[in-house]
Amino acid sequence: MNKTVEDLSHRWLKRKPDGLTPLESRVLKSTLERTTITRDTNKAVAFHSTYGDRVADTIARIGGSWSFILGFIAFLVLWTFGNVWLLSRNAFDPYPFIFLNLVLSMVAALQAPVIMMSQNRQTERDRIDAAHDYEVNLKAEIEIMALHEKLDELRHSELIGMRDEILRMAEQIRRIDEKLTARSAG
């Protein structure tokens with residue numbers, strides 16, 4: 001039986017083909033062609049990422065780690081200890097640590113947008129993953145519906161076969177009954 005995307009869209013999605021999204025059309029075509037639709041979305045994202053994107057991801061990965069936080073706390077402790085106790089009279093940055101505040105502000109001013117860029121990329125990656133998950137789930141649902149349809153057809157043909165067999169047996173029983181009735185009468 002030759003099926004088309006139009007047949008499948010009417011049967012399983014209850015929509016006309018012109019109302020399908022490109023993703024849904026692609027899923028129906030892959031169902032007809034019996035091909036897979038899974039793909040590694042990480043490879044696609046990595047292929048399209050620029051050098052700046054990779055740098056932003058690296059900075060966000062490092063800046064959001066415990067090693068960075070603990071290292072930065074150690075740096076702050078050393079800075080304050082060095083300027084308060086070790087260099088008390090000739091301190092490079094005496095209390096209230098104005099130069100340290102300037103450095104921290106500059107780091108935050110540069111780090112925050114880079115981390116936001118990385119988060120935006122992660123959000124886009126999540127959207128791609130969600131769309132791919134939807135595509136795979138839709139394909140799975142359609143395949144399950146196709147299996148149900150095939151099982152229903154098999155069960156229907158079995159029932160018809162059983163009905164025909166029962167009718168044939170009933171006819172044989174009727175003939176045997178007629179022969180027995182004719183013998184007992186004669």
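In case you missed it, the structure is sitting above this.
A brief structural summary.

Rules and cut-offs
Residues numbered from 1 in each chain as written. Predicted model: local features only at pLDDT ≥ 70, side-chain atom pairs only at ≥ 80, totals over all residues. Heavy atoms only, no water. Helix = DSSP H or I, 4+ residues; strand = E, 2+ residues; numbered from the N terminus. Rg over C-alpha atoms; globule rule 2.2 N^0.38 Å. Buried < 20%, exposed > 50% of the residue type's maximum accessible area, 1.4 Å probe, protein only. Contact = heavy atoms within 4.5 Å. Phe/Tyr/Trp six-rings, centres within 6.5 Å; stacked < 30°, edge-to-face > 60°. 1 Å grid on protein atoms, 1.4 Å probe; cavity = no way out; pocket = protein on both sides within 12 Å on 5 of 7 lines; lining within 4 Å. Points joined across faces, edges and corners; volume = space filled by probe spheres on them. Salt bridge = Lys/Arg side-chain N within 4 Å of Asp/Glu carboxyl O.

Before going further, it helps to examine the overall build of the chain. Along its length, the chain carries 6 helices and 0 strands. Element order for the chain, N to C, with α for helix and β for strand: α-α-α-α-α-α. For 186 residues, the compact-globule estimate of 2.2 N^0.38 gives 16 Å, and the C-alpha radius of gyration of the chain, at 37 Å, exceeds that figure by more than 25%. Principal-axis analysis of the C-alpha atoms places the extent of the chain at approximately 140 × 40 × 25 Å. Each of the 186 residues in the chain was classed as buried or not, and the buried ones make up 22%. Residue pairs in contact within the chain that sit at least 24 positions apart in sequence constitute 63% of those at least 6 positions apart.

In this structure the tally under the stated criterion is 8 aromatic pairs. A centroid spacing of 6.0 Å and a plane angle of 75° characterise the contact between Trp 79 and Phe 92, whose relative ring orientation is edge-to-face. With Trp 79 in helix H5 (residues 66–86) and Phe 92 in the loop between H5 and helix H6 (98–185), this residue pair connects regions lying 13 residues apart in the sequence. The exposure class of Trp 79 is buried, given its relative accessible area of 15%. Both rings, one in Tyr 95 and one in Phe 97, keep their centres 5.6 Å apart while their planes meet at 85°; by these two values the pair is edge-to-face. Tyr 95 sits in the exposed class, given a relative accessible area of 68%. An aromatic cluster of three or more residues is present, and its members are Phe 68, Phe 72, Phe 75, Trp 79, Phe 92 and Phe 99.

In this section: the layout of surface pockets. Its boundaries defined by the atoms lining it, the largest pocket holds a volume of some 160 Å³. In this structure, the largest pocket is lined by Lys 3, Leu 8, Trp 12, Thr 31, Leu 32, Arg 34, Glu 143, Ala 146 and Lys 150. Those elements giving two or more residues to the lining of the largest pocket turn out to be helix H1 (5–13), helix H2 (22–33) and H6. Broken down by element, the lining of the largest pocket gets its largest block of residues, 3 residues, from H6.

By the definition in use, this model includes 15 salt bridges. In this structure, the salt-bridge partner of Arg 121 is Asp 53, at a minimum N-O distance of 3.6 Å. In this pair, Arg 121 sits in helix H6 while Asp 53 sits in helix H4 (residues 51–63), placing the two residues 68 residues apart along the sequence. Here Arg 155 ties to Asp 152 by a salt bridge, and the two come within 2.7 Å at their closest N and O atoms. Taken together, the residues Arg 155 and Asp 152, both in helix H6 and 3 residues apart, mark about one turn of the helix. In this structure Asp 152 comes out as partly exposed when scored by relative accessible area, which is 38%.

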